[in-house]
Amino acid sequence: MGNSIVITGGAGFIGSHLVERFVDDGHDVLCLDSFDDYYDPGIKRSNVARFMERRNFTLLEGDVRDRSLVKRALEGAECVFHLAAQAGVRASVIDPLKAHEVNTLGTLNILQAALDGGVRKVVYASSSSVYGKVEYLPFDESHPRAPVSPYGLSKLMAEEYCRLFHEIYGLEMVSLRYFTVYGPRMRPDLAISIFAKRALQNLPIEIFGTGERTRDFTYIDDVVRANVLAMKCNGGVYNIGSGERISIKCLAERIIRQTNSRSRIVFREDAPGDAQHTWANTDRAGEGLGWRSEVDINTGLQRYLKWLTGCDFGRLDDRADD
Ligand SMILES: NC(=O)c1ccc[n+]([C@@H]2O[C@H](COP(=O)([O-])OP(=O)(O)OC[C@H]3O[C@@H](n4cnc5c(N)ncnc54)[C@H](O)[C@@H]3O)[C@@H](O)[C@H]2O)c1
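Since we're looking at a predicted model, the values are computed, not measured.

1. With respect to the packing of aromatic side chains
At step 1: This model, assessed by the stated rule, comprises nine aromatic pairs.
At step 2: Ring centres 6.0 Å apart and planes at 25° place the aromatic pair Tyr304 and Trp307 in the stacked group. Taken as a pair, Tyr304 and Trp307 lie in helix 11 (residues 297–309) at a separation of three residues, close to a single helical turn.
At step 3: Under the relative-accessibility criterion, Tyr304 is labelled buried at 1%.

2. Section: the side chain of Ser293
At step 1: Locating Ser293 in the fold gives a position in the loop between helix 10 (283–288) and helix 11.
At step 2: In terms of polar contacts, Ser293 uses its side chain to reach the side chain of Asp222, at 3.0 Å.
At step 3: If near-sequence neighbours (up to four positions away) are discounted, Ser293 is found in contact with Asp222, Arg225, Gly241 and Ser242.

3. Observations concerning the pattern of salt bridges
Two side chains of opposite charge can pair, provided their charged atoms sit close to one another.
At step 1: All told, the structure shown has 23 salt bridges when counted by the stated rule.
At step 2: Arg65 is the partner of Asp63 in a salt bridge, and the nearest nitrogen-oxygen pair spans 2.8 Å.
At step 3: Of the residues examined, Asp63 reaches a relative accessible area of 24% and is grouped as partly exposed.
At step 4: Residues joined in a network through salt bridges with shared partners are Glu78, Arg120, Lys121 and Glu172.

4. Quick word on the pairing of strand 5 (residues 121–127)
At step 1: Counting buried residues in strand 5 gives seven out of seven residues, a clear majority hidden from the surface.
At step 2: Burial along strand 5 is two-sided: the residues Lys121, Val123, Ala125 and Ser127 and Val122, Tyr124 and Ser126 are all buried.
At step 3: As defined by bridge partners, strand 5 adjoins strand 6 (residues 172–178) across seven bridges and the pair is classed as parallel. Looking at the pairing, Ala125 lines up with Leu176 of strand 6.
At step 4: For the segment spanning strand 5, helix 6 (residues 150–169) and strand 6, crossover handedness is right-handed.

5. Considerations on the domain arrangement of the protein
At step 1: As assigned here, the protein comprises domain 1 (5–178 + 220–240) and domain 2 (191–215 + 243–279 + 295–320).
At step 2: The centre of domain 1, based on its C-alpha atoms, is set 27 Å off from the matching centre of domain 2.
At step 3: Across the contact, 13 residues belong to domain 1 and twelve residues belong to domain 2.
At step 4: Contact with domain 2 buries surface across domain 1, with Arg90, Leu137 and Val148 losing the most and accounting together for 41% of the total.
At step 5: Our enumeration of links across domain 1 and domain 2 arrives at two salt bridges.
At step 6: In this structure, the salt-bridge partner of Arg90 is Asp274, at a minimum N-O distance of 2.6 Å.
At step 7: Linking domain 1 with domain 2 are three residue pairs in polar contact (both at pLDDT 80 or more).
At step 8: Contributing elements (two or more residues each) for the side of domain 1 that touches domain 2: helix 4 (89–94) and helix 8 (220–232).

6. With respect to the site of the ligand
At step 1: Lining the immediate surroundings of the ligand are 29 residues, of which Asp33, Tyr39, Tyr151, Lys155 and Val181 lie closest.
At step 2: Within the contact set of the ligand, an oxygen atom lies 2.8 Å away from a backbone nitrogen or oxygen of Ile14.
At step 3: Contacts to the ligand include Tyr151, whose side-chain N or O atom sits 2.6 Å from an oxygen atom.
At step 4: Taken together, the elements giving at least two residues each to the shell around the ligand come down to helix 1 (13–24), strand 5 and helix 6.
At step 5: With three residues, strand 5 is the single largest residue contributor to the shell around the ligand.

7. What to know about helix 3 (residues 67–74)
At step 1: Considered for burial, the residues of helix 3 that qualify are Leu69, Val70, Ala73 and Leu74. Each buried residue of helix 3 lies within a common arc of 120° when the element is viewed along its axis, so the set occupies one face. Pointing more than 90 degrees away from the buried face of helix 3 are the exposed residues Arg67 and Ser68.
At step 2: Against the buried residues of helix 3 lie strand 1 (5–8), strand 2 (29–33), strand 3 (57–61), strand 4 (79–82) and helix 5 (96–116).

8. A word on the nonpolar core
At step 1: Ranked by size, the top nonpolar core spans 61 residues in total, and within it Phe81, Leu176, Ile192 and Ile240 carry the most contacts.
At step 2: Counting residues per element, this core draws most heavily on helix 8, which supplies seven residues.
At step 3: A domain-level breakdown of this core finds at least three residues from each of domain 1 (5–178 + 220–240) and domain 2 (191–215 + 243–279 + 295–320).
At step 4: One finds Leu74, Ala77, Ala113 and Tyr124 within the second-largest nonpolar core, a separate group that totals 25 residues.

9. Some words on a nonpolar patch on the surface
At step 1: Side chains of Leu164, Ile168 and Tyr169 sit close together on the surface and give an oily, nonpolar patch of about 300 Å² of accessible area.
At step 2: Its location among the elements puts Ile168 in helix 6.
At step 3: Ile168 gets classed as exposed once you look at its relative accessible area, which sits at 54%.

Thresholds applied
- Residues numbered from 1 in each chain as written.
- Predicted model: local features only at pLDDT ≥ 70, side-chain atom pairs only at ≥ 80, totals over all residues.
- Heavy atoms only, no water.
- Phe/Tyr/Trp six-rings, centres within 6.5 Å; stacked < 30°, edge-to-face > 60°.
- Helix = DSSP H or I, 4+ residues; strand = E, 2+ residues; numbered from the N terminus.
- Buried < 20%, exposed > 50% of the residue type's maximum accessible area, 1.4 Å probe, protein only.
- Polar contact = N/O pair within 3.5 Å; in protein donor to acceptor, adjacent residues only side chain to side chain.
- Contact = heavy atoms within 4.5 Å.
- Salt bridge = Lys/Arg side-chain N within 4 Å of Asp/Glu carboxyl O.
- Pairing = 2+ DSSP bridges.
- Right-handed = clockwise from strand over helix to strand, strands pointing away.
- Domains from an automatic or database assignment.
- Buried area = accessible area lost by both parts, 1.4 Å probe.
- Near = heavy atom within 4 Å.
- Arc of directions from axis to C-beta.
- Core = buried A, V, L, I, M, F, W, Y, C linked by side-chain atoms within 4.5 Å.
- Patch = residues over 30% accessible without salt bridge, like charges linked within 9 Å, V, L, I, M, F, W, Y side chains within 5 Å.
- Areas by Shrake-Rupley, 256 points an atom, 1.4 Å probe, with all protein chains shown as cover.

Below, the structure is given as structure tokens:
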């Protein structure tokens, strides 16, 4: 097919932002996506609808587990951004086999096809979930990997295949370990999206556990920029996070304050599979990619809420922190 950039999972949240950037930059982009029903496929269709008329965009509907289709899609591509995955920690606790098949075997399939098809570089969407159990914070890339969910393990195994394909076959590889990504078009199953929608309707906001878990939240524009830089860099594994963390309870309180909501917070029994803390040390991304986060959580929340509602709720002042 000879498209220079292939984006798997290009109809999803992060993938559709990459499609937008690379199509706008004038690259020939092929999006491979199965429109999986983990969440409403209609959302994914509308994510890519805007590109259908663009001459440098091609949509290929199919599964990364389908060997012959993947082989055809990657033949002669210059760079592959591999994002297609069964996302979601809780989904993987319910169906670990699917997480393994899509995330690990699907990635192996992509790597083999990339090698066979003469692809110059693969950029793999890895995850902070590869770290799991905390030995120290913030996580640098050398922190031990001990995933606490089938999802985390499936992403780690895929990342290890990426490393091996580089070491054994010389395939140029970059793995970007994203720390919880948010922003316009974000997945409906992620906390910021759920909390914001509940807050806007003054409905109770549910938190699993005590709310003391902390997360490093990364704004989508920062993630897109990291991918653009990854296309030009020499390879490696990089944390892509904001470098700041906040507790889930604090996040809910900020969203309530920012939207002037009357929602109250209710605590529910803890769910298995969630890591206790994530927090990125991004020094290596600074050195190797020339990347650093530019959007802090308060600015990111303001932008996300504006996209969601069309209204400007303003930016929470840092001094108003809990
Ligand atoms: N969003 C985050 O916070 C986050 C954090 C760390 C890593 N990641 C990784 O980033 C990538 C994108 O995540 P996202 O949040 O955009 O998720 P998403 O679910 O919105 O996007 C994934 C896309 O992959 C497609 N897909 C699923 N199974 C497929 C299959 N078998 N064949 C082809 N396509 C398939 C889906 O239809 C979807 O469009 C994933 O690899 C995920 O593991 C995301």
